[in-house]
Number of protein chains: 2
Amino acid sequence: MTDTPSPLVTDPAARARILAAVRFDMRGLVPAIAQQHDTGEVLMMAWMNEAALDETLATGRACYYSRSRGGLWRKGETSGQHQEVRDLRLDCDGDTILLLVHQHGVACHTGRRSCFYLAPREGELSEIMAPLISPERLYGA
Amino acid sequence: MTDTPSPLVTDPAARARILAAVRFDMRGLVPAIAQQHDTGEVLMMAWMNEAALDETLATGRACYYSRSRGGLWRKGETSGQHQEVRDLRLDCDGDTILLLVHQHGVACHTGRRSCFYLAPREGELSEIMAPLISPERLYGA
């Protein structure tokens, strides 16, 4: 397992053609699902704008668009929990992206491996997954 | 493998509590990812409103909201390719749903098992999955 991701598409013109096939929404965003490439675990869903998708394709490292911060979100830049992108899929109508990643550490800001840790159990939403690391260790006190 | 799905949450009051935990967007919608429960294959991403999620929890059969038709979309109602929902997850910030389903037949309207069949190969988006059934057989000529 290498720490240095490979770019998915090195040629900027090729990246531009791929970006042109994506149907970004009115805000200029497209949902991107991240899935661990070998186990199939769905880790998180976030958003990308054109620049985030272009950077992801160019670097092989997942870059999203943070709606709260209004800027690029290089996953793991603060927490160290980055995602190497092994492959990328676009869906039939071009409006959703699936990233097949190698997740270093945990995907969720709560310290859980996946963000999808709530499930109905006996009629209540229950936490079915424990944190692997404390948010304090991820982001500092 | 049974053809009759089990409801996930039978009690309407419990369903209302779960719905209250979901952060629907300004349009009243939340993205829902469908994943084959045993293989981990990500099949599709669609949208749910409150009524669609309530029906999904009550029936154990995936019901989405069709943005193009502006109404409930009971997956498989026309095509027969329905989804038994085996479990449901909500993510950390309550704004994305993950359905673990048993997909009967194919998820994609193109006749492919999954909607995520386009991938960059040598700088071009290529179809990496073949249809298993023709759209004509799914929807009639």
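What counts, and where the lines are drawn
Residue numbers here run from 1 along each chain, matching the order of that chain's written sequence. Whichever chain is written first is A, and whichever ligand is written first is 1; the rest continue in order. Only residues with pLDDT of at least 70 get local features here, since the model is predicted, and only at 80 or more are side-chain atom pairs given and counted; chain-wide, interface and lining totals rely on the full set of residues. Remark: hydrogens and water are excluded; side-chain values derive from all non-hydrogen atoms of the structure. Helix numbering and strand numbering both begin at the N terminus, where a helix is a DSSP run of H or I of at least 4 residues and a strand a DSSP run of E of at least 2. Taken over C-alpha atoms, the radius of gyration is set against a globule rule of 2.2 Å times the number of residues to the power 0.38. Residue contacts are defined here by distance: any two heavy atoms, one from each residue, within 4.5 Å place the two residues in contact. A 1.4 Å probe and the Shrake-Rupley method give the accessible areas. Residues count as covered only by the protein chains that appear here. His is not counted, nor are the chain ends, whereas Lys and Arg count as positive and Asp and Glu as negative. Charge positions are represented by NZ for Lys, CZ for Arg, CG for Asp and CD for Glu. Strand pairing follows a simple DSSP-based rule, namely that at least 2 bridges must link the two strands. Here a Phe, Tyr or Trp ring, Trp counted by its six-membered ring, pairs with any other such ring whose centre lies within 6.5 Å, and the pair is stacked when the planes are under 30 degrees apart, edge-to-face when over 60, and tilted otherwise. Each residue gets one of three labels from its accessible area relative to the maximum for its type: buried under 20%, exposed over 50%, partly exposed in between, using a 1.4 Å probe on protein chains only. In this scheme, the term charge over a ring applies when either NZ of a lysine or CZ of an arginine sits within 6 Å of the ring centre and within 35 degrees of the ring normal. UniProt positions are given in the numbering used here, feature names are shortened, and annotations may be inferred rather than shown by experiment. Overlaid copies result from least-squares superposition on C-alpha atoms, with residues included only where pLDDT is at least 70 in both. The term buried area means the drop in 1.4 Å probe accessible area that two parts suffer when joined, counted for both and summed. By definition, a salt bridge exists where a carboxyl oxygen of Asp or Glu is found within 4 Å of a side-chain nitrogen of Lys or Arg.

Our next topic: the overall build of chain A. On a plain count of helices and strands, chain A comes out with three helices and eight strands. Beginning at the N terminus, the succession of helices and strands in chain A can be written as α-β-β-α-β-β-β-β-β-β-α. Relative to its length of 141 residues, chain A is compact, with a C-alpha radius of gyration of 16 Å against a globular reference of 14 Å. Its C-alpha atoms give chain A principal-axis dimensions of about 50 × 35 × 30 Å. Of the contacts made within chain A by residues no fewer than 6 positions apart, 47% connect residues no fewer than 24 positions apart. Here chain A displays about 6400 Å² of accessible surface, and carbon together with sulfur accounts for 50% of that area. Charge-centre separation for chain A: the mean point of 15 positive side chains lies 3 Å from the mean point of 18 negative side chains.

The subject of this paragraph is the pairing of strand β4 (residues 71–74) of chain A. The pairing of strand β3 (residues 63–66) of chain A with β4(A) spans four bridges and is antiparallel. Bridge assignment links A:Cys63 to a residue of β4(A), and that residue is A:Arg74.

Turning our eyes to something else, we now look at the packing of aromatic side chains. Residues and elements named next belong to chain A. Considering all chains together, one arrives at two aromatic pairs over all chains under this definition. Ring geometry for tyrosine 64 and tryptophan 73: centres 5.3 Å apart, planes at 45 degrees, overall tilted. Taking the relative accessible area as the measure of exposure, tryptophan 73 reaches 27% and is therefore partly exposed. Here the guanidinium or amino end of arginine 27 rests over the ring plane of tryptophan 47, the centre of that ring lying 4.6 Å away.

In this section: the UniProt feature "domain: Phosphoribosyl-AMP cyclohydrolase" (unreviewed entry) in chain A. Under the local residue numbering, the UniProt record ascribes the feature "domain: Phosphoribosyl-AMP cyclohydrolase" (unreviewed entry) to residues 44–117 of chain A. The span residues 44–117 of chain A carries 14% helix and 38% strand; its end-to-end C-alpha distance comes to 10 Å.

What follows covers the relation of the copies chain A and chain B. For the pair chain A and chain B, the superposition axis carries a translation of 0.0 Å, the fit reaches an RMSD of 0.0 Å, and the rotation angle comes to 180 degrees. In symmetry terms, the pair is related by a two-fold rotation axis. No C-alpha of chain A approaches the rotation axis more nearly than that of A:Gly40, which lies at 2.4 Å.

Attention shifts here to the interface of chain A and chain B. With 38 residues of chain A in contact, the opposing surface of chain B contributes 37 residues. Here chain A packs against chain B, burying approximately 3100 Å² in sum over the two surfaces, 67% of which is carbon and sulfur. Among the residues of chain A in contact with chain B, A:Cys92, A:Phe116 and A:Pro120 are the three that bury the most area, contributing 19% of the side total. In this assembly, chain A and chain B are joined by six salt bridges. A salt bridge links B:Arg67 to A:Asp95; the nearest nitrogen and oxygen atoms lie 3.4 Å apart.

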